[in-house]
Amino acid sequence: MIIVLYANTGESLKKAFSYIEHQHAGLSDHVNLSRIGDIELRIAQLNQIPDRKTERRVTVVSNPQTGRELALLRGMGAVVCHQYGALSPLYTTEIKISPLHDLHYVPHLTFSGLPGHVFTVDELLSECKVKHRKFRQRAK
Amino acid sequence: MSSLRHSHNKARLERYFEQWARWVHTGQVTTAKSILQMIMDGDSFDRSGGGCSPIVECVELNIESALMRFMVTNKQAVTVCRVEYGALFLPNLPIDANRETRALRMGMSLRTYNRRLQDARVCVESSLIKTGDL
């Protein structure tokens, strides 16, 4: 299963990923694309993500910068998650939020007063698994 | 003060749910009475001992009947409640599985699981308040 995480800060990303890593000990990977400048190399790296079908292995892709990468990941059945709060300028040009398929989250386990569509990290992981299962059933 | 009472009620409700889950599997309510308790209740020792009649007024039965009533309108919430407290075991699922695993096993997300559980708890709680158990 691939989860695309958009986080406003590195700390938020670390918090969210550490929870996922804790839940899937030894079966989680983190693909950080921010250090690779060339888009072709980034796409090649995304194509190499192994074992996309099972829920047991979780690959977290953090902050893809272009619409092309995002489209590729969506095609692979990745669940795209955006951090709730102020959006970066990238959202006006490259990234489009799909209101029906994308999820919004806060990088905490408990948070009071959240809108109904925003998930905490534990709820987010569960929701991603349900969405991934639906995607797999549709693909069959 | 009200929050203290609320947390006290919550703890009692949890205890009642655990009693109910045990009762679902054993099918009995513990009726052991001490001699002092029998004297206080005004019971006679002359009766023929050993015989036992089914107990019809207990919190376990009240919870079960509340859930049966709620099942008409929200069957899934009742199933979630039964699974959460161990009154119903899902096949191939460890007893100590966490909520997320249980939710996924039942084909729902954690948020849906929590919401349905809360619905069932509220229903049972209001029913127990009416019957005077809580």
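These lines cover the structure that appears in this document, whether it is placed above or below. Fair warning: this is a prediction, and the values are worked out from it, not measured in the lab.

1. Points about the overall build of chain B
Thought 1: Along chain B, the regular secondary structure elements total six helices and zero strands.
Thought 2: In chain B, which comprises 134 residues, the proportion classed as buried is 37%.
Thought 3: Put simply, 65% of the contacts in chain B that link residues at least 6 apart link residues at least 24 apart.

2. A look at the environment of Leu90(A)
Residue and element names in this part refer to chain A.
Thought 1: Turning to its location among the elements, Leu90 is positioned in helix H4 (residues 90-93).
Thought 2: Remark: the alpha-carbon pair of Leu90 and Arg52, spanning 38 residues in sequence, is separated by 27 Å.
Thought 3: Setting aside residues up to four positions removed in sequence, Leu90 forms contacts with Pro64, Gln65 and Ile95.

3. Some words on the side chain of Arg121(B)
Thought 1: Take Arg121(B): it is sitting in helix H6 (residues 110-131).
Thought 2: Residues contacting Arg121(B), with those up to four places away along its chain left out, are Lys10(B), Leu13(B), Glu14(B), Phe17(B) and Tyr85(B).

4. A look at the interface of chain B and chain A
Thought 1: Between chain B and chain A, the residue contacts involve eight residues of the former and 14 residues of the latter.
Thought 2: Both faces considered, chain B and chain A share a buried interface measuring about 890 Å² in area, 45% of it formed by carbon and sulfur atoms.
Thought 3: The largest contributions to the chain B side of the interface with chain A come from Glu100(B), Leu104(B) and Arg111(B), which together make up 67% of the buried area.
Thought 4: Linking chain B with chain A are two salt bridges, by the criterion used here.
Thought 5: Of the charged contacts in the structure, one is a salt bridge between Arg111(B) and Glu123(A), with a shortest N-O distance of 3.0 Å.

5. A word on the packing of aromatic side chains
Thought 1: Using the criterion set out here, one finds three aromatic pairs over all chains in the structure.
Thought 2: Directly above the ring of Tyr16(B) sits Arg15(B), whose terminal nitrogen or CZ lies 5.9 Å from the centroid.

6. Remarks on helix H1 (residues 10-23) of chain A
Residue and element names in this part refer to chain A.
Thought 1: The terminal C-alpha atoms of H1, which comprises 14 residues, lie 20 Å apart, in line with the 20 Å expected from a rise of 1.5 Å per residue.
Thought 2: What H1 keeps buried is the set Ser12, Leu13, Ala16, Phe17, Tyr19 and Ile20. Viewed along the axis of H1, the buried residues span an arc of 150 degrees, placing them on a single side of the element. In H1, the exposed residues that point more than 90 degrees away from the buried face are Gly10, Glu11, Lys14 and His22.

7. Quick look at the environment of Ser88(A)
Thought 1: With respect to the secondary-structure elements, Ser88(A) resides in the loop between strand S4 (79-83) and H4.
Thought 2: C-alpha of Ser88(A) to C-alpha of His22(A): the two residues are 66 residues apart in sequence and 28 Å apart in space.

8. Things to note about helix H3 (residues 59-73) of chain B
Thought 1: Helix length check: H3(B) (15 residues) gives 22 Å between terminal C-alpha atoms against 21 Å at 1.5 Å per residue, within 8%.
Thought 2: All of the buried residues along H3(B) are Val59(B), Glu60(B), Asn62(B), Ile63(B), Glu64(B), Ala66(B), Leu67(B) and Phe70(B).

9. Concerning the pairing of strand S1 (residues 2-6) of chain A
Residue and element names in this part refer to chain A.
Thought 1: Within S1, five of the five residues are buried, which leaves it mostly tucked inside the rest of the structure.
Thought 2: Residues Ile2, Val4 and Tyr6 line one face of S1 and the alternating positions Ile3 and Leu5 line the opposite face, and both faces are buried.
Thought 3: Of the strand pairs in this sheet, S1 and S4 are connected by four bridges, and their pairing is parallel. Paired with Leu5 across the two strands is Cys81, which belongs to S4.

Rules used in this analysis
Residues numbered from 1 in each chain as written. Chains lettered and ligands numbered in written order. Predicted model: local features only at pLDDT ≥ 70, side-chain atom pairs only at ≥ 80, totals over all residues. Heavy atoms only, no water. Helix = DSSP H or I, 4+ residues; strand = E, 2+ residues; numbered from the N terminus. Buried < 20%, exposed > 50% of the residue type's maximum accessible area, 1.4 Å probe, protein only. Contact = heavy atoms within 4.5 Å. Buried area = accessible area lost by both parts, 1.4 Å probe. Salt bridge = Lys/Arg side-chain N within 4 Å of Asp/Glu carboxyl O. Phe/Tyr/Trp six-rings, centres within 6.5 Å; stacked < 30°, edge-to-face > 60°. Lys NZ or Arg CZ within 6 Å of the ring centre and 35° of its normal. Expected span 1.5 Å × (residues − 1). Arc of directions from axis to C-beta. Pairing = 2+ DSSP bridges.

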